[in-house]
Amino acid sequence: MDDYDLITELLPVLGRSSHESFNVFNVMHHGTHEKQLSNIFRWILDIGGSHRFETLGQRVFLNLIRERLGPSADLPDGPYSVRQEVNTAESGHRLDIADLVLENDSTVVVVENYETSDGHGHSYNSYLKYGQRDGKFAVVVLLFASEYTYLQADGWERATVITYERFLDRLMDELNKERNYAQLHTEQYSFLIQMHRKFAAKGDEVSDSELLAFIDAMCVSGEARRYRERPSDVAAEKFASDVAERARERFEGGREVLKRVKDRLKIYARSTLHNQLDGKLRAGSVREIRTNYVGIYQWIVELVVTADDGVTSAQNFEIRFGPTAWNYVENESDSLGLGDGETVDYSKLFIASTGKRRIMRQSQVSLLEVLHGLSADDYRLRDEILALDATS
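Conventions used here
- Residues numbered from 1 in each chain as written.
- Predicted model: local features only at pLDDT ≥ 70, side-chain atom pairs only at ≥ 80, totals over all residues.
- Heavy atoms only, no water.
- Helix = DSSP H or I, 4+ residues; strand = E, 2+ residues; numbered from the N terminus.
- Buried < 20%, exposed > 50% of the residue type's maximum accessible area, 1.4 Å probe, protein only.
- Contact = heavy atoms within 4.5 Å.
- Areas by Shrake-Rupley, 256 points an atom, 1.4 Å probe, with all protein chains shown as cover.
- Core = buried A, V, L, I, M, F, W, Y, C linked by side-chain atoms within 4.5 Å.
- Salt bridge = Lys/Arg side-chain N within 4 Å of Asp/Glu carboxyl O.
- Pairing = 2+ DSSP bridges.
- Axes fitted to C-alpha atoms, helices over the stretch in contact; angles between N-to-C directions.
- Parallel < 35°, antiparallel > 145°, perpendicular 65-115°, else oblique.
- Left-handed = near helix turned anticlockwise from the far one by under 90°.
- Nonpolar A, V, L, I, M, F, W, Y, C, P; charged D, E, K, R; others polar.
- Expected span 1.5 Å × (residues − 1).
- Arc of directions from axis to C-beta.
- Phe/Tyr/Trp six-rings, centres within 6.5 Å; stacked < 30°, edge-to-face > 60°.
- Lys NZ or Arg CZ within 6 Å of the ring centre and 35° of its normal.

**Let's talk about the overall build of the chain**
If you tally the helices and strands in the chain, you get 13 helices and 11 strands. Residue burial in the chain is summarised as follows: out of 392 residues, 43% are buried. Taking the contacts inside the chain whose residues are at least 6 apart along the sequence as the reference set, 60% of them involve residues at least 24 apart. Put simply, the chain shows about 21,400 Å² of open surface, and 50% of that area lies on carbon and sulfur atoms.

Structure below.
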């Protein structure tokens, strides 16, 4: 199928439910940086932590490492000290900071914590040599949210890999076997449940109806063929990568199109529209065309009205479109005047007055028409601005 179908059919059903449940990590925007998550994993792994499950965090983590290393792994149970932000580089070399280090008299576990399974510039050999100092047994671990084995290079393909999901799933399973933990330590348990939902369960559970809508879109778009591919986890990663790549292309391309619309509209306003409005506005004439807004407000062409005495009028007009129009609709919906049976259409321009009575109305002129070029005898924008001027 082509890119258009992939994006237009699938993205509408990939959104989250409108009613998002409470999660402390979402409220605080916590966990968006590896250091934040390393703080929490250190807390879990620390035997003396306020979590009150003593050695459980370490035992779960070490068992997962053993499972990946195989039955011959000689990895002591501990206890281990836990340190954070440890420089593993040899003296005289540039810093190479490991996120976590677990260490006892015989063994060192050096942990790199990151969103994806790669070393992102750190040295696997540096981590390993640091762990092996003084003749100790060393293990280098990649702790991450998303596994992309093709990113593991420069020695990192030899690292022991553990996902947030695997670690947190196992930890919660063990905690749930302890009948009294949730009752005795309600705050800690609630925190860990929310962490598990955020970083392992991937947020709120998707409903059956949402999943069925997704399957329908997969079939309509021709992407259902992916369900025959094996292994399924590889197929899912490939699908996600394809959607992300096409979405990135569309997002970047969309920004370029918005810039071209703004440029064409600015030229049209300066060369044609201000002449069409000359002598017809109640407050004066259009003397300046401004396009210097930024951020979400940058998709505006403003017509600055000056009175006959040279004083800038309090009644200016703006032509808004795309994300800027959406922002105003979302935040000032009471100012949007739609005709009977008319619905918001972001493929169109929007005309707004910025005087005492702030009104925005949907134009009949489309963004595509602006790109193709509005003719000098096209009076639709003029008439829409005059109609707004008469009511504002």
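**Some words on the side chain of Ser 366**
Tracing the backbone shows Ser 366 in strand β11 (residues 359–366). The residues contacting Ser 366, other than those within four sequence positions of it, are Ser 347 and Lys 348.

**Brief notes about the nonpolar core**
In this structure, Phe 41, Ile 44, Phe 61, Ile 65, Phe 167 and Met 195 are the most contacted members of the largest nonpolar core, which totals 37 residues. Contributions of two or more residues to this core are made by α3 (34–45), α4 (56–69), β2 (97–103), β3 (107–116), β4 (137–146), α6 (164–177) and α8 (186–199). Of all hydrophobic cores here, the second largest spans 28 residues; its members include Leu 277, Ile 351, Val 365 and Leu 388.

**Observations regarding the pattern of salt bridges**
On inspection of all chains with the given rule, the structure shows 18 salt bridges. Residues Arg 225 and Glu 229 are paired through a salt bridge, measuring 3.9 Å at the closest nitrogen-oxygen approach. Take Arg 225: its relative accessible area is 35%, and that puts it in the partly exposed class. When the shortest N-O distance is used, the salt bridge between Arg 380 and Asp 378 registers 2.9 Å.

**Considerations on the environment of Ser 353**
As for its position among the elements, Ser 353 is in strand β10 (residues 348–353). When the C-alpha positions of Ser 353 and Phe 317 are compared, they lie 4.6 Å apart, and in sequence the two are 36 residues distant.

**What about the sheet that holds strand β5 (residues 160–163)?**
Spatially, 5 strands are ordered β1-β2-β3-β4-β5 in an open sheet, and the strand pairing comes out mixed. The strands lining the two open edges of the sheet, one partner per strand, are β1 (81–87) and β5. Averaged over all pairs of adjacent strands, the angle between strand axes in this sheet comes to 30°, irrespective of strand direction. Bridge count between β3 and β4: 9 bridges; the pairing is parallel. By the bridge assignment for β4, Val 109 is matched with Val 139. Contacts between α3 and the sheet are confined to β1, β2, β3 and β4, with β1 contributing the most and set at about 155° to the helix. Its contacts with the sheet put helix α5 (residues 124–132) on β1, β2, β3 and β4, and the angle it makes with β4 is roughly 135°.

**Quick look at unusual backbone geometry**
Peptide bonds are, in most cases, trans, and in most cases residues other than glycine have a negative phi. Geometrically, the link from Gly 78 to Pro 79 is a cis peptide bond, its omega value of 10° lying close to zero. Within the fold, Pro 79 resides in the loop between α4 and β1. The linkage connecting Arg 230 with the following residue, Pro 231, adopts the cis geometry, with an omega of -5°. Position of Pro 231 relative to the elements: it lies in the loop between α9 (208–221) and α10 (232–276). A positive phi angle, near 55°, is found at Glu 54, a position not held by glycine.

**Quick word on the packing of α3 against α8**
Close contact between α3 and α8 brings their axes to 13 Å; oriented N to C, the two are set at 130°. Relative to α8, the element α3 is oriented oblique. For the pair α3 and α8, the crossing hand works out as left-handed. Two secondary-structure elements touch here, α3 through Leu 37, Ile 40, Phe 41, Trp 43 and Ile 44 and α8 through Gln 188, Phe 191, Leu 192, Met 195 and Phe 199. Per-class residue counts for the contact of α3 with α8 are 9 nonpolar, 1 polar and no charged.

**As for α6**
If you check α6, its first and last C-alpha atoms are 20 Å apart, about what 14 residues at 1.5 Å a residue would give, namely 20 Å. Turning to α6, its buried residues are Tyr 164, Phe 167, Leu 168, Leu 171, Met 172 and Leu 175. Looking down the long axis of α6, one finds its buried residues gathered within 120° of arc, a one-sided arrangement.

**Digging into the packing of aromatic side chains**
By the definition in use, this model includes 12 aromatic pairs. Between Tyr 127 and Trp 156, the ring centres sit 5.4 Å apart and the planes meet at 85°, which makes this aromatic pair edge-to-face. Separated by 29 residues along the polypeptide, Tyr 127 in helix α5 and Trp 156 in the loop between β4 and β5 bring together distant segments of the chain. For Tyr 127, a relative accessible area of 0% translates into the label buried. Members of the aromatic cluster, each reached through a chain of ring pairs, are Phe 41, Phe 61, Tyr 164, Phe 167 and Phe 199. The ring centre of Tyr 130 lies 4.1 Å from the NZ or CZ of Arg 133, which sits over that ring. Lying across the ring of Tyr 328, Arg 320 places its NZ or CZ 3.5 Å from the centre.

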